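Chain and residue survey
Okay, here's what each chain looks like letter by letter:
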Amino acid sequence: MRISEEILKHQRFVVTTHVEPDGDAVGSALAVFHALQSLGKDVVVCLADSVPPLYRFLPGSYEIQRKVPLEFLPECVMVLDCSELRRAGDIINQVDLRSVVLMNIDHHNSNTHFGDLNLVEESAATGELIYNIIKDLGISISQEMGICIYTAILTDTGGFRYRNTTRQSLQIAAEIVGLGVNPGEIAEKACESYPVERFQILGKALQNLRVGCGGKVADFFVSRSMFNGNGISPSIVEGFVNYPREINGVLVSVFFREKGDNEYRVSLRSKGDADVSAVAQLFGGGGHRNAAGCLVEGNFEAVREQVLRRICEVIQGT
Ligand code: AMP
Ligand code: MN
Ligand code: MN
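Residues numbered from 1 in each chain as written. Chains lettered and ligands numbered in written order. Predicted model: local features only at pLDDT ≥ 70, side-chain atom pairs only at ≥ 80, totals over all residues. Heavy atoms only, no water.

Some words on the overall build of the chain
Heads up, the rule is: Each helix corresponds to a stretch of at least 4 residues labelled H or I by DSSP, and each strand to a stretch of at least 2 residues labelled E; elements are numbered beginning at the N terminus. Radius of gyration: C-alpha atoms only; globule rule: 2.2 Å multiplied by the number of residues to the exponent 0.38. A simple rule labels every residue: compare its accessible area, found with a 1.4 Å probe on the protein chains alone, to the largest value its type can have, and call it buried under 20%, exposed over 50%, or partly exposed in between. The criterion used for residue contact is that any of the two residues' heavy atoms lie within 4.5 Å. For the area figures, the Shrake-Rupley method with a 1.4 Å probe applies, and any residue is considered shielded solely by the protein chains shown. Charged residues are defined here as Lys and Arg on the positive side and Asp and Glu on the negative side; His and the ends of the chain fall outside this count. Note that the charge is assigned to NZ on lysines, CZ on arginines, CG on aspartates and CD on glutamates.
Looking only at helices and strands, one finds nine helices and 11 strands in the chain. In summary, the chain has a C-alpha radius of gyration of 19 Å against a globular reference of 20 Å for 318 residues, a match within 12%. Taken along its principal axes, the extent of the C-alpha atoms in the chain is 55 × 40 × 40 Å. Across the 318 residues of the chain, 53% fall into the buried class. The long-range share in the chain, meaning contacts at least 24 apart out of those at least 6 apart in sequence, stands at 66%. Element-wise, carbon and sulfur atoms account for 48% of the exposed surface of the chain, whose accessible area totals about 14,100 Å². Of the charged side chains in the chain, 30 are positive and 39 negative, and the gap between their average positions amounts to 4 Å.

So, helix α4 (residues 143-156)
One full turn of an α-helix is made of 3.6 residues, so residues set three or four places apart face in the same direction. Rule in force here: By this rule the span expected of a helix is its residue count minus one, scaled by 1.5 Å.
Taking 1.5 Å of rise per residue, 14 residues should cover 20 Å, and α4 covers 20 Å from first to last C-alpha, within 8% of that figure. Of all 14 residues that make up α4, 11 are buried, and the element is covered over most of its length. Buried within α4 we find Met-145, Gly-146, Ile-147, Cys-148, Ile-149, Tyr-150, Thr-151, Ala-152, Ile-153, Leu-154 and Asp-156. Taken together, the buried residues of α4 touch α2 (23-38), α3 (126-136), α5 (167-178) and α6 (183-191). Phi turns positive one or two residues past the end of α4, at Gly-158, with a value near 60°.

Regarding the pattern of salt bridges
Where charged atoms from two side chains of opposite charge approach closely, those side chains can pair. The test is simple: Any Lys or Arg side-chain nitrogen found within 4 Å of a carboxyl oxygen on Asp or Glu counts as a salt bridge.
Under the defined criterion, the tally for this structure stands at 17 salt bridges. Across the pair Arg-310 and Glu-313 runs a salt bridge, and its minimum N-O distance is 3.4 Å. One end of the pair is Arg-310 and the other is Glu-313, both in helix α9 (residues 300-317) and three residues apart, which spans about a single turn. Residue Arg-310 is classed as partly exposed on the basis of its relative accessible area of 34%.

Description of the coordination of the manganese ion (ligand 2)
Quick note on the threshold: Metal donors: N, O and S atoms at distances within 2.8 Å, or within 3.2 Å for Na, K and Ca, with water omitted from the atom set so that some sites may seem incomplete.
Taken together, His-18 (NE2), Asp-22 (OD), Asp-22 (OD) and Asp-81 (OD) make up the full set of protein donors to the manganese ion (ligand 2), lying 2.1 to 2.8 Å away. Coordination of the manganese ion (ligand 2) draws on donor residues from a single chain, spaced H-x3-D-x58-D in sequence. Since its relative accessible area comes to 4%, His-18 is described here as buried.

Considerations on the site of ligand 1
Quick note on the threshold: Nearness is judged by heavy atoms alone; a residue qualifies as near a molecule or strand once a single heavy atom is within 4 Å of it. Polar contacts, as used here, are pairs of N or O atoms within 3.5 Å; protein pairs need one atom able to donate a hydrogen and one able to accept it. Residues neighboring in sequence count only if both atoms are side-chain atoms. Each residue is assigned to one of three groups, with Ala, Val, Leu, Ile, Met, Phe, Trp, Tyr, Cys and Pro labelled nonpolar, Asp, Glu, Lys and Arg labelled charged, and all others, Gly among them, labelled polar.
Around ligand 1, the surrounding shell holds 14 residues, and the nearest of these are His-108, Arg-265, Ser-267, Arg-269 and Ala-292. Take Ser-267: an N or O atom from its side chain is 2.7 Å from an oxygen atom of ligand 1. The contact in question runs from an oxygen atom of ligand 1 to an N or O atom on the side chain of His-288, over 3.4 Å. Burial of ligand 1 by the surrounding chains reaches 85%, relative to a free accessible area of 480 Å². Looking at the shell around ligand 1, the elements that each hand over two or more residues are β9 (263-270), β10 (286-287) and β11 (291-297). If you tally residues by element for the shell around ligand 1, the top one is β11, at four residues. Among the residues forming the shell around ligand 1, the class breakdown is three nonpolar, eight polar and three charged.

Here it is as structure tokens:
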């Protein structure tokens, strides 16, 4: 594999991933961190946003930096789980991209191949690609790497439930369980350790759940006021979009989060063939067929109307 040959040639690495990191982002970055450390490399994991509390159980999470240390001059920058370079946020501006080998490792089919080396493959999670690289490097998977990779796959497959789940996803997970990693324990930490405020906000948000497009689209939103301004991280609502997907007959669920003045973070999930990444791309975002997102500006009802209209068009075309 080109990527592993190149890794072996260098000593200093910056590893980064996308803003508002999810379990695949943090898990993949930390798996690479442990793998490169086992080879004696100098590696710094830098993320533009802080690690959501839910993923702080991942080994190494407290070593993640918010900025590239000034004295650290990397030879390689590894960008994980990002369909475009700008998804990595400000980290990219902190390195001289002309003097590094830029490695793009991702599983979004909308990926722009922005790297000097690109490993872009269809798979349930970037964590699966990281597993393949680690194997190719001849490294045996440690418990720490296993926990990180398992969490990456667990979260991006919705607990091995979504249609992106493959034999490979389950085989990698099974191998990691064979190392002594306990699936129930990880699920409790990654999926069942939310603060009670999440459910208080969910209760308020579900009051505005609406079902339209002949019962096939369900949407709801959270406004900033629902957070009560008490410093709760927006990551507390991660995954809200999945709840309406559980309604019988609903093919697409949409979740709007008020991010700034007239600025909404839109999360989209679908069942079956309905391609929500096509809708997200119309609004400058991206993602996968069944899970995508974008940022839309405008007044809430106008934003909602535009997004839902596009979704209904997509559904009627399938
Ligand atoms: P989310 O709804 O935030 O969980 O995102 C779902 C999927 O869409 C993930 O695979 C993201 O990588 C992708 N995604 C979300 N927001 C954006 C964006 N603004 N641009 C590109 N891809 C995005
Ligand atoms: Mn991600
Ligand atoms: Mn991912």
